Number of protein chains: 2
Amino acid sequence: MPQVDTARFLKDLHELRQIGAYRTGVHRPTYSAEDMESRRWLMDRMAECGLEPMMDGIGNVIGRHPGPGPKLLVGSHIESQNQAGWLDGALGVVAGVALARAGLPVDVAAWADEEGHYGGFIGSRSFIGELPEEEIDRLANRYHGKTLREALREAGLEGLPRIQLEPGRHKGFLELHIEQGTQLESAGLRVGVVTGIVAIWQWKLVIEGMQDHAGGTTMAERRDAGLTAVRLLAMLDARMPFACGPRSTWTCGRISLEPGAASIIPGRAEVLFQFRDVDQAMLDRMEACLRACVQESNRRERCTTTLEAMSLSKPALCDDAIQAALAAAAEELAPGAWRHMPSGAGHDAQYLAKRMPAAMLFSPSIGGISHHWAEDTKDEDLALCVEVLAAGAARCLGANA
Amino acid sequence: MPQVDTARFLKDLHELRQIGAYRTGVHRPTYSAEDMESRRWLMDRMAECGLEPMMDGIGNVIGRHPGPGPKLLVGSHIESQNQAGWLDGALGVVAGVALARAGLPVDVAAWADEEGHYGGFIGSRSFIGELPEEEIDRLANRYHGKTLREALREAGLEGLPRIQLEPGRHKGFLELHIEQGTQLESAGLRVGVVTGIVAIWQWKLVIEGMQDHAGGTTMAERRDAGLTAVRLLAMLDARMPFACGPRSTWTCGRISLEPGAASIIPGRAEVLFQFRDVDQAMLDRMEACLRACVQESNRRERCTTTLEAMSLSKPALCDDAIQAALAAAAEELAPGAWRHMPSGAGHDAQYLAKRMPAAMLFSPSIGGISHHWAEDTKDEDLALCVEVLAAGAARCLGANA
């Protein structure tokens with residue numbers, strides 16, 4: 001079993017935490033000065049443990065293991081959401097460095113912009129060959145609008161080659177990440193072996209009514225788009241539980257009424273509605289439920305609702321063999337203190353899984369807090385998880401070395 | 001019966017329509033160059049028909065009848081909502097001029113900022129002594145933030161006296177206004193005699209939940225403020241019809257979820273909810289229903305809702321004697337083509353009604369459109385309404401001259 005220097009691992013994590021520190025978290029938006037500093041810091045750590053570091057034309061930092069033989073690819077992302085947590089992404093990258101320090105034959109990667117400041121997952125998508133130049137031309141920062149091309153130029157990445165996956169080089173991809181939920185914590189568990197990454201089916205509902213004066217227009221005369229939106233969402237609240245599976249989630253994150261004034265009957269409403277599951281059959285059932293509710297709303301209401309699919313991703317199932325290796329390692333190092341669980345959030349692993357066996361390990365999130373500077377995990381849980389990751393990696397490599 | 005020159009009345013209306021013309025409507029925000037031009041235009045019309053015009057320190061334009069004896073006060077507002085209709089307000093002001101031209105002993109008024117660019121009804125409130133200097137110090141433009149003091153300075157009104165109501169001078173106040181609804185049109189009627197102006201009870205509901213990741217957080221763990229808002233609004237949709245009266249209206253004009261992102265469970269929701277009626281008892285019943293729904297929501301839900309009253313105005317009932325005079329005039333000039341009806345919108349008359357007998361007359365609104373440049377009314381209906389107003393005014397004056 002590989003000996004991981006967990007003290008050094010934690011030291012590295014806390015050192016990285018200082019770059020772009022914000023309260024107890026970090027602010028390292030993609031390609032910002034802080035983000036680029038963290039990538040250079042990472043290249044130094046990689047070099048220290050014998051990897052050959054390189055930053056490519058999209059900002060991916062990859063440390064190649066110089067030796068021969070089968071290798072695993074280990075990593076995550078290093079940029080953060082705005083004013084967000086210190087572990088989201090960074091944990092999986094520094095864990096890769098820890099495995100390399102422990103002498104395991106791993107390449108370590110920090111994928112660019114998993115958090116979607118510009119596009120979302122553009123680093124891992126570039127690596128597997130799913131980020132065409134035309135998309136790079138098109139993308140811009142969602143907060144301040146700077147184009148991706150301009151950001152790459154300012155970051156000194158313009159014109160650098162984009163590293164592509166070498167078919168056959170890796171036996172698989174491993175990503176350690178915080179859970180971003182409370183399932184481990186509330187069950188008193190310390191490690192999660194991920195079964196798969198949910199698909200996110202994101203929809204936009206647009207409801208067309210008639211804008212009118214809230215005093216002059218009788219209830220009978222109204223075509224209130226906001227009221228139709230409320231009735232439709234209440235119908236979904238009543239019906240979705242009977243269409244979904246035990247681990248499905250669905251969320252309405254935004255309701256906007258136009259014009260949005262106290263004394264004006266909304267003439268138009270826009271609703272963002274999404275659901276997630278790892279099981280394709282469940283996704284299909286939830287879509288059928290959503291479509292039936294919209295159809296029924298259009299039958300009952302005086303305002304018309306149109307349904308637009310914004311994105312329909314595919315579930316990414318984790319590789320059975322790697323899962324088994326991680327599960328065995330978890331049972332060995334934390335008997336009874338781990339569980340299998342799906343990932344409700346998207347991760348770089350879902351793109352790597354398109355080209356190689358991939359799997360993920362979750363550490364607990366204190367209070368389930370994430371995408372917030374207060375995000376945290378106990379040091380002892382972080383240490384345990386990196387040891388499980390290393391032992392699982394050793395099993396994979398040993399199994400068919 | 002007074003002879004109103006309806007051709008001249010329509011000519012005046014169409015002339016005023018050219019000031020700040022926007023498509024088929026007008027854009028005359030309070031104290032803008034266009035608004036001030038329209039006020040000076042009005043002073044010229046007043047002078048033409050023998051009134052003594054004056055503009056005061058809040059922008060009210062008042063034309064005093066020089067003769068002795070009992071007088072009526074007739075008017076409305078002359079500024080418009082942004083890019084809005086040509087008749088909303090202007091109709092009642094120009095009608096006052098038409099009555100003066102017809103030789104009726106009337107003072108004519110154009111009250112400032114009924115439309116609330118700065119405060120709402122500040123002209124009529126100033127005239128009845130309900131606009132303290134401290135409020136003028138505090139008010140600012142709701143769209144661009146300029147202070148009321150600065151706007152008054154730029155409009156050349158700074159330091160001018162504010163004309164106050166002369167107790168005993170007026171037997172009553174008359175306001176002709178467009179309906180801003182479709183009740184007259186859909187009933188094929190041409191004149192509305194207003195029974196009262198509804199009270200508007202405006203509420204803000206704030207729902208506190210827990211912001212969380214839409215993937216990492218199971219349905220069981222969530223405290224979704226948006227979902228609680230939807231359930232509460234659906235409950236109100238189900239219950240309010242049994243609490244309200246035949247002419248009550250209630251409206252949710254805004255729902256804002258925070259942070260309002262597709263993949264984040266809303267941690268906070270804000271809802272604007274209002275109801276209106278002319279009947280105090282109905283208002284009390286609707287408030288009781290609202291409070292019961294909030295209480296039940298707080299019993300059922302994991303998110304807490306707090307209810308805040310933003311404004312609770314009083315219904316303004318129209319004077320019975322003036323109503324009777326207007327009704328008799330309507331029946332005489334438009335037999336069977338008029339009705340009694342409440343005003344669902346607020347009007348300057350509701351403030352004048354605090355100091356003198358007041359009443360209103362409604363003209364039909366084509367398609368019920370208002371607060372939009374497409375607002376319109378047929379010329380023949382406008383002409384009929386000003387004749388009914390004049391005949392009604394004559395009856396009032398005659399009755400106890």
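What counts, and at which threshold
- Residues numbered from 1 in each chain as written.
- Chains lettered and ligands numbered in written order.
- Predicted model: local features only at pLDDT ≥ 70, side-chain atom pairs only at ≥ 80, totals over all residues.
- Heavy atoms only, no water.
- Helix = DSSP H or I, 4+ residues; strand = E, 2+ residues; numbered from the N terminus.
- Rg over C-alpha atoms; globule rule 2.2 N^0.38 Å.
- Contact = heavy atoms within 4.5 Å.
- Areas by Shrake-Rupley, 256 points an atom, 1.4 Å probe, with all protein chains shown as cover.
- Pairing = 2+ DSSP bridges.
- Axes fitted to C-alpha atoms, helices over the stretch in contact; angles between N-to-C directions.
- Domains from an automatic or database assignment.
- Buried area = accessible area lost by both parts, 1.4 Å probe.
- Salt bridge = Lys/Arg side-chain N within 4 Å of Asp/Glu carboxyl O.
- Polar contact = N/O pair within 3.5 Å; in protein donor to acceptor, adjacent residues only side chain to side chain.
- Nonpolar A, V, L, I, M, F, W, Y, C, P; charged D, E, K, R; others polar.

Visitor: Please explain the overall build of chain A as it appears in this structure.
Guide: For chain A, the helix and strand inventory stands at 12 helices and 17 strands. Taken against the 2.2 N^0.38 rule, which gives 21 Å for 401 residues, the C-alpha radius of gyration of chain A at 23 Å falls within 12% of a compact globule. Projected onto its principal axes, the C-alpha positions of chain A cover 75 × 50 × 40 Å. Relative to all contacts within chain A whose residues are 6 or more apart in sequence, the contacts with residues 24 or more apart total 78%. A total of about 14,800 Å² of accessible surface is found on chain A, and carbon and sulfur atoms cover 52% of it.

Visitor: I would appreciate a short explanation of the sheet that holds strand β11 (residues 249-258) of chain B in the present structure.
Guide: The pairing of strands in a sheet happens through backbone hydrogen bonds and is either parallel or antiparallel. Residue and element names in this part refer to chain B. Overall, antiparallel pairing links the 4 strands, which are arranged β11-β13-β9-β14 in an open sheet. On the outer flanks of this sheet lie β11 and β14 (304-312), each paired with one strand and no other. Going from strand to strand, the sheet's axes swing by 15 degrees on average, the running direction of each strand aside.

Visitor: What am I meant to see in the sheet that holds strand β14 (residues 304-312) of chain A here?
Guide: Residues and elements named next belong to chain A. Reading across from one edge, β11-β13-β9-β14 is the order of the 4 strands in this open sheet, with antiparallel pairing throughout. Sheet topology places β11 (249-258) and β14 at the edges, where each strand pairs with a single neighbour. For this sheet the average axis-to-axis angle between neighbouring strands, irrespective of direction, equals 15 degrees. The sheet contact formed by strand β9 (residues 199-208) and β14 spans 8 bridges and is antiparallel.

Visitor: Any chance you could explain the domain arrangement of chain A here in plain terms?
Guide: By a frequent convention, interface size equals the accessible area lost on bringing the separate parts together. Residues and elements named next belong to chain A. Looking at the assigned domains, one finds that chain A contains domain 1 (6-198 + 315-396) and domain 2 (199-312). Measuring from the centre of the C-alpha atoms in domain 1 to the corresponding centre in domain 2 gives 35 Å. Both faces considered, domain 1 and domain 2 share a buried interface measuring about 700 Å² in area, 60% of it formed by carbon and sulfur atoms. If you sort the residues of domain 1 by the area they bury against domain 2, Val 198, Pro 315 and Pro 342 come out on top, with a joint share of 67%. Across the contact surface, domain 1 and domain 2 share 0 salt bridges. Where domain 1 touches domain 2, the interface holds 2 residue pairs in polar contact (both at pLDDT 80 or more). If you list the elements that add at least two residues to the side of domain 1 that touches domain 2, you get β8 (191-197) and β16 (338-343). Each residue belonging to the side of domain 1 that touches domain 2 can be placed in one class, and the counts come to 6 nonpolar, 4 polar and 1 charged.

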